[in-house]
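Descriptive analysis of the structure
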Amino acid sequence: MRLTRRQFEAFRNNGFLFLPGRFKVEEVAPLRKEARRIYKLDRPEVWRESSGAARTAFAAHTYSEPFRLLGAHPRLIEPVMQILGGPVYMHQYKVNAKAAFDGDVWQWHQDYGTWKRDDHMPEARAMNIAVFLDEVTAANGPLMFIPGSHKLGVLQAGHDLASTSYPLWTLDRATITRLADEGGIEVPLGPPGSVIMFHGNLVHASPPNISPWNRTIVYLSLCEVSNHIRRFKRPEWIAHRDFTPIVPLNDDCLLSPPVNSPW
Ligand code: SIN
Ligand code: MN
């Protein structure tokens, strides 16, 4: 799936592109079920909120067949290759739970800020493409973006090791106030199967989920192969060290998995 010129321009201007309903209900339902199974696993890759509810499952594409297929899906890999202008590898893979009642905040940050500081990724030639596995509403902790903020490069940030279970380089309140006063805040909402692409430098956050509805979103963080990370400080399952270019599978791979699957 390639982006149209208009979509490409919208991404360049806003730093994100929302593509509602990109995956069918039949494609998403098995992934949602698989996420619930994975969250119960006792593995180092499954991080929890202070309540014990799952916060995220890292590297799920390495221990779950449905998430492996999603990680090489052409509807995700091809538009990112188009934007980054070359082959891509998986830098990080997360299935974020944002569980009903328990899902905690993600403070304001830029992902490339962490990839640069922690992993020594040379340039912001890496980005996220996310798939909603649940409906995302105003009530269940949606993603919030400051449009255009990706044009500002890497902003000054502090290393937040305290406010959630996940260390993150976060932006201060004065910066967020100034940026949001200028650019506003956009909150893409939509059904399961919707896709969001966003630039590595786009400022974003999400509030806690105190609703009774889960808000599961899968994030593929893809990096152009020659821009691979230079430092291996974080665990391999958080910042991957396999820089093999991803070869996109067939468009129907979630419904008719390949016969040579190793699983
Ligand atoms: C992230 O910014 O990496 C995750 C945010 C979320 O899932 O709400
Ligand atoms: Mn992020």
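Attention in this report is confined to the structure presented alongside it. The model shown is predicted, which means the values in this text are computed figures rather than measured ones.

1. Observations regarding the site of ligand 1
- Taken together, Lys94, Asn96, Lys98, Trp106, His109, Leu143, His204, Ser206, Arg215 and Tyr219 form the complete shell of residues around ligand 1.
- A distance of 2.9 Å is found between an oxygen atom of ligand 1 and a side-chain nitrogen or oxygen belonging to histidine 204.
- Within the complex, 99% of the 260 Å² of free accessible area of ligand 1 lies under protein.
- Residues that form the shell around ligand 1 fall into these classes: three nonpolar, four polar and three charged.

2. Quick look at the nonpolar core
- Grouped together as the largest cluster of nonpolar side chains are 41 residues, with contacts concentrated most on Phe67, Leu70, Tyr93, Val95, Met197, Leu220 and Leu222.
- Not counting the four nearest positions on each side in its chain, valine 95 is found in contact with Ala35, Tyr39, Arg55, Thr56, Ala57, Ala60, Phe67, Thr216, Ile217 and Val218.
- If you look at the next biggest cluster of nonpolar residues, it comprises 11 residues, including Leu143, Phe145, Ile196 and Tyr219.

3. A look at the coordination of the manganese ion (ligand 2)
- Summarising the metal site, the manganese ion (ligand 2) is bound by the protein donors His109 (NE2), Asp111 (OD) and His204 (NE2), whose distances to it range over 2.1 Å.
- Here the donor residues of the manganese ion (ligand 2) are spaced in sequence according to H-x1-D-x92-H. One end of the pair, aspartate 111, is in helix 5 (residues 111–119); the other, histidine 204, is in strand 11 (residues 204–206), and 93 residues separate them in sequence.
- Residue classification places histidine 204 among the buried residues on the basis of a relative accessible area of 3%.

4. Description of helix 4 (residues 74–84)
- In terms of residue burial, helix 4 counts as a mostly covered element, since nine of its 11 residues are buried.
- Those residues of helix 4 lying buried are Pro74, Arg75, Leu76, Ile77, Pro79, Val80, Gln82, Ile83 and Leu84.
- Just downstream of helix 4 lies glycine 85, where phi reads positive at about 75°.

What counts as what
Residues numbered from 1 in each chain as written. Chains lettered and ligands numbered in written order. Predicted model: local features only at pLDDT ≥ 70, side-chain atom pairs only at ≥ 80, totals over all residues. Heavy atoms only, no water. Near = heavy atom within 4 Å. Polar contact = N/O pair within 3.5 Å; in protein donor to acceptor, adjacent residues only side chain to side chain. Areas by Shrake-Rupley, 256 points an atom, 1.4 Å probe, with all protein chains shown as cover. Nonpolar A, V, L, I, M, F, W, Y, C, P; charged D, E, K, R; others polar. Core = buried A, V, L, I, M, F, W, Y, C linked by side-chain atoms within 4.5 Å. Buried < 20%, exposed > 50% of the residue type's maximum accessible area, 1.4 Å probe, protein only. Contact = heavy atoms within 4.5 Å. Donors = N, O, S within 2.8 Å, 3.2 Å for Na, K, Ca; no water. Helix = DSSP H or I, 4+ residues; strand = E, 2+ residues; numbered from the N terminus.

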